[in-house]
Amino acid sequence: DLTVGRLQTNPGGFGFVVPEHAAGVRTDRSVRTDIYVAAGNLMEAMHGDRVVARVERQTARGPEGRVIRILQRSNATVVGRFEMDAAGLGYVVPFDRRVLTDIHVPTGEASSAEPGDMVVVEITRWPTATRGPIGRVVEVMGRLDEPGVDIQIIIRKHNIPDAHAEEAVDEARRLGSAVRERDIAGRTDFRRVTTVTIDGEHARDFDDAITIERLPNGHCWLGVHIADVSHYVREGSALDEAAYERGTSVYFPERAVHMFPEELATGLCSLNPHVDRLVQSCLMEVDRRGTVVRYEIHDGVINSDARMTYTDVNAILTERDADTTARHVGLVPMFELMGELFEVLLARRRRRGSIDFDLP
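In this report, we go over the structure that sits alongside the text. What you see is a predicted model; the values in this text were computed from it and never measured.

Quick notes on the rules
- Think of each chain on its own: its residues are numbered from 1, step by step along the sequence as written.
- Owing to the predicted nature of the model, reporting of local features is limited to residues with pLDDT of at least 70; listing and counting of side-chain atom pairs is limited to 80 or more, with chain, interface and lining totals taken over all residues.
- To obtain the side-chain values, all non-hydrogen atoms of the structure were used and water was disregarded.
- The helix and strand labels rest on DSSP assignments: H or I over at least four residues marks a helix, E over at least two residues marks a strand, and numbering proceeds from the N terminus.
- Based on C-alpha atoms, the radius of gyration is set beside the globule rule, defined as 2.2 Å times the residue count to the power 0.38.
- Calculation of accessible area relied on Shrake-Rupley with a 1.4 Å probe; when residues are assessed, cover is drawn exclusively from the protein chains displayed.
- Any two rings among Phe, Tyr and Trp, with Trp reduced to its six-membered ring, count as a pair given centres within 6.5 Å; such a pair is stacked if its planes are under 30 degrees apart, edge-to-face if over 60, and tilted if neither.
- Only protein chains enter the accessibility calculation, which uses a 1.4 Å probe; a residue is then buried when its area is under 20% of its type maximum, exposed when over 50%, and partly exposed in between.
- Should DSSP find at least two bridges between two strands, the strands are taken to pair.
- When two cysteine sulfur atoms are found within 2.5 Å, that pair is recorded as a disulfide.

**A closer look at the overall build of the protein chain**
Moving on, step 1. When its secondary structure is counted, the protein chain shows eight helices and 19 strands.
Moving on, step 2. Rg of the C-alpha trace for the protein chain: 27 Å, well past the compact-globule value of 21 Å for 360 residues, more than 25% over.
Moving on, step 3. Principal-axis analysis of the C-alpha atoms gives the protein chain an extent of 80 × 50 × 45 Å.
Moving on, step 4. A total accessible area of about 20400 Å² is found for the protein chain, and carbon and sulfur atoms account for 50% of it.

**Regarding the packing of aromatic side chains**
Moving on, step 1. Counted by the stated rule, this structure contains three aromatic pairs.
Moving on, step 2. Ring geometry for Phe14 versus Phe16: centroids 6.0 Å apart, planes at 90 degrees, classification edge-to-face.
Moving on, step 3. Exposure remark for Phe14: the relative accessible area of 25% places this residue in the partly exposed category.
Moving on, step 4. Ring centres of Phe14 and Tyr36 lie 5.7 Å apart, and the angle between their planes is 40 degrees; this geometry places the pair in the tilted category. Of the two residues, Phe14 sits in the loop between strand 1 (2-9) and strand 2 (15-19) while Tyr36 sits in strand 3 (residues 35-37), which places them 22 residues apart along the sequence.
Moving on, step 5. What makes Tyr36 partly exposed here is its relative accessible area of 23%.
Moving on, step 6. Each member of the aromatic cluster is reached from another via a ring pair, and the members are Phe14, Phe16 and Tyr36.

**Here we look at the pairing of strand 5 (residues 62-72)**
Moving on, step 1. Both strand 3 and strand 5 contribute to a ladder of two bridges, which runs parallel. Directly across from Tyr36, in strand 5, lies its bridge partner Glu64.
Moving on, step 2. Taken together, the nine bridges between strand 4 (residues 50-59) and strand 5 define a ladder with antiparallel strand orientation. Among the inter-strand pairings, Ala53 is bridged to a residue of strand 5, identified as Val67.
Moving on, step 3. Count of turn residues in the strand 4/strand 5 antiparallel hairpin: two residues.

**Here we look at the state of the cysteines**
Two cysteines whose sulfur atoms are joined by a covalent bond form what is called a disulfide.
Moving on, step 1. Scanning all chains against the criterion turns up zero disulfides.
Moving on, step 2. Looking at the unpaired Cys220, the closest cysteine sulfur is the one in Cys282, lying at 15 Å.
Moving on, step 3. Overall, the relative accessible area of 5% leaves Cys220 in the buried class.

In structure tokens form, the structure reads like this:
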């Protein structure tokens, strides 16, 4: 009746142990395979810990049990609000309500934190049956209403690596800031073809670009060009290892935490305007009914003519804004052809009975 799994606590005080062999799996909507653990049976385990649970009874809603051993602690640091009680003793109230206990901060371990500051506390002594966790403040982020503190809280709460390893940064810098002639050799050259990127106003890295033209038979020749990251990031390299650990870039309203160092993310692997960039290209011939009748895959090189935004393209195609149209007059025919192809593809989607995501 023993199960190894991760403990997921609830702000209500109870928790569930998700078995490792069936994490997140439900065999039936009415049957729960996770093990319910009442508040009094959590032992000293905290949210995210890897534990051994013993099933003590089966109920109509699923198994119930208790934590009997903690195998591995999940988080050595906790984000929260620093406070002091009437006796002058410091403690941190966890920002994540699933961390059920405050962390006591001994005198002299609060760094420069003042009551009300958001902080990162490192747990120095884990909870026992007779006392709660003890820790020391390792970072003071400031008040919750101060600019940027909310983003820092999310970064620290989810343990998102905010800085890249020196080895990865050095490797990115060695690649340089410009495409070399030897990198272009053997690639299909799309630099003479009118090319644009279309992203949000605040985007700093541009992953994909578009080309489009009308063929003599009336079909559209659509090109989608994706930044060729794999040309620079080799398997087993420092950059590859760093990217593997992160898994993704994380975007906030005011900033991004990139999977790769800035030199790559907003440099060589960003399809910035008026510079050569290496791409993986797919060119598709699309007929009047929206069917791709032919396609080609290329290792390519492009030189984007413009960094466009959704707002500007919408102003040209939908709002017919004179100023925006005049500012991009050389690209207007390209956007109008995009608009035509969009209508064709939308009609095809509707014929297939696909979901219309443009509902109110």
